[in-house]
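Residue-level listing of the chains:
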Amino acid sequence: MATPSDNHYLAGLDLAGRRVVVVGAGPVAQRRLPRLIKAGAAVEVIAPQATPAVEALADAGEITWSRRDYRDGDLDGAWYAVAATSSDEVNAAVGAEAERDRVFCVRSDNATEGSAVTPAVAEHDGLLLGVLAGGKPRRSAGVRDALLEAMQSGVVDEHPEPHAPGVALIGGGPGSPDLITVRGRRLLAKADVVLTDHLAPRELLEELGSHVEVIDVSKIPYGRSASQTVINETLIEKVRAGKFVARLKGGDPYLFGRGFEELLACAEAGVPVTVVPGITSAFSAPAMADVPVTHRGVAHEAVVVSGHVAPDDERSLVDWEALARLRGTLVLLMAVQRIEAFAEVLIKNGRPADTPVAVVQEATTDAQRSVKTTLERVADDVRAHDIKPPAVIVIGPVAGLKD
């Protein structure tokens, strides 16, 4: 048997259609299987029991599961093997067979005793990163994570050439800069021009290069704002000038963010658009205040409502009478100024006055604060606590699950 070495040779294996044997079906195997499946390997798992996730892969036909103990000879015809049982003795037997049959084998219990080791792996925009650290998995994982974060944030640019002209509609999330999606952060780092608003994470703008043009198109509640027509025209104008434009929004572009209006305008002008969904404040803001919008046995529905117009406004598209009859969760956005009218119409049409309510202002930021109250008191408490937009209002039993 060869002497274990920390000087590994890093290679990319083409396992598509080739037999790979994984002995064991516990948590370790569960972590290894998805990438083997993605590589197209013909994976056979050998184990008497399996975790529910591994069993689900077998039920879906993504792997073959032999529900028995390992036997010598199981690696016949294999190109690669993983010994991932909880028994050192079984793992050693798998390793011995692999050595005898010249099959590269990873041992989960003792990496130095296998003929192969699993690198710390990550994927980013078509790149597959693999890091080995001589049998020190925490070090390799740390380096991998740092490299991945550097590429996601644009610190390391794996595509030095300029991005093709176009628009990226990016949901920036509820406010904290680390809650933007990986794709959103990557495209933002590529932008020549950024159109942003006051709800988008402000700290992300500090990471932009000095060459990036930042245009503020905020729609401040009850204050001055840029018209949607001007925003649409600016997007098109900048792209026609050869720029890649990021339209950075708070939350998700398509949830009361007018993102689809901007997409339609760009499409009509022949401007290519990439849409990057974001974490909406409708669900994340309540979560940050320990309010789940649904909970088993408490709420089976969650309805998100725009509060930018009053219930009796002719522009309103909301059936407030129907909403009042629901027993689940109502999430009101842009509703701080008119909360008294919303509470009144809900109570008038059958929603109990003592229905719990949670109001969460500036969620996920350092300025976050929340108020727990009831439907009949919410308007008074919003005034008493001087709640200002942006704030999310949650109405329903879920708001009273935790004080």
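None of the values given here were measured: they were computed from a predicted structure.

## So, the pattern of salt bridges
Stage number 1. Under the criterion given, the structure shown has 19 salt bridges.
Stage number 2. Residues arginine 100 and aspartate 101 are paired through a salt bridge, measuring 3.4 Å at the closest nitrogen-oxygen approach.
Stage number 3. For aspartate 101, a relative accessible area of 34% translates into the label partly exposed.
Stage number 4. The salt bridge involving aspartate 109 is made with arginine 107; its shortest N-O contact spans 2.8 Å.

## Regarding the UniProt feature "active site" (unreviewed entry) in the protein
Stage number 1. Mapped onto this numbering, the UniProt entry gives "active site" (unreviewed entry) at Asp197 and Lys219.
Stage number 2. In this fold, aspartate 197 is placed in the loop between strand 9 (193-196) and strand 10 (213-216).
Stage number 3. Setting aside chain neighbours within four positions, we find aspartate 197 in contact with Asp216, Val217, Ser218, Arg247, Leu248, Lys249 and Gly250.
Stage number 4. Here leucine 199 takes part through its backbone nitrogen, which lies 2.9 Å from a polar atom of the side chain of aspartate 197.

## A few points about the packing of helix 6 (residues 228-240) against helix 7 (residues 259-268)
Stage number 1. One can describe the packing of helix 6 onto helix 7 by two numbers: an axis separation of 10 Å at closest approach and a directional angle of 45°. As far as their axial angle goes, helix 7 and helix 6 are oblique. For the element pair helix 6 and helix 7, the recorded crossing hand is right-handed. Contacts between helix 6 and helix 7 involve Gln228, Ile231, Asn232, Leu235 and Ile236 from the first element and Glu261, Glu262, Ala265 and Cys266 from the second.
Stage number 2. Class assignment for the residues of the contact of helix 6 with helix 7 results in 5 nonpolar, 2 polar and 2 charged.

Quick notes on the rules
Residues numbered from 1 in each chain as written. Predicted model: local features only at pLDDT ≥ 70, side-chain atom pairs only at ≥ 80, totals over all residues. Heavy atoms only, no water. Salt bridge = Lys/Arg side-chain N within 4 Å of Asp/Glu carboxyl O. Buried < 20%, exposed > 50% of the residue type's maximum accessible area, 1.4 Å probe, protein only. UniProt positions renumbered as here; feature names shortened; annotations may be inferred. Helix = DSSP H or I, 4+ residues; strand = E, 2+ residues; numbered from the N terminus. Contact = heavy atoms within 4.5 Å. Polar contact = N/O pair within 3.5 Å; in protein donor to acceptor, adjacent residues only side chain to side chain. Axes fitted to C-alpha atoms, helices over the stretch in contact; angles between N-to-C directions. Parallel < 35°, antiparallel > 145°, perpendicular 65-115°, else oblique. Left-handed = near helix turned anticlockwise from the far one by under 90°. Nonpolar A, V, L, I, M, F, W, Y, C, P; charged D, E, K, R; others polar.

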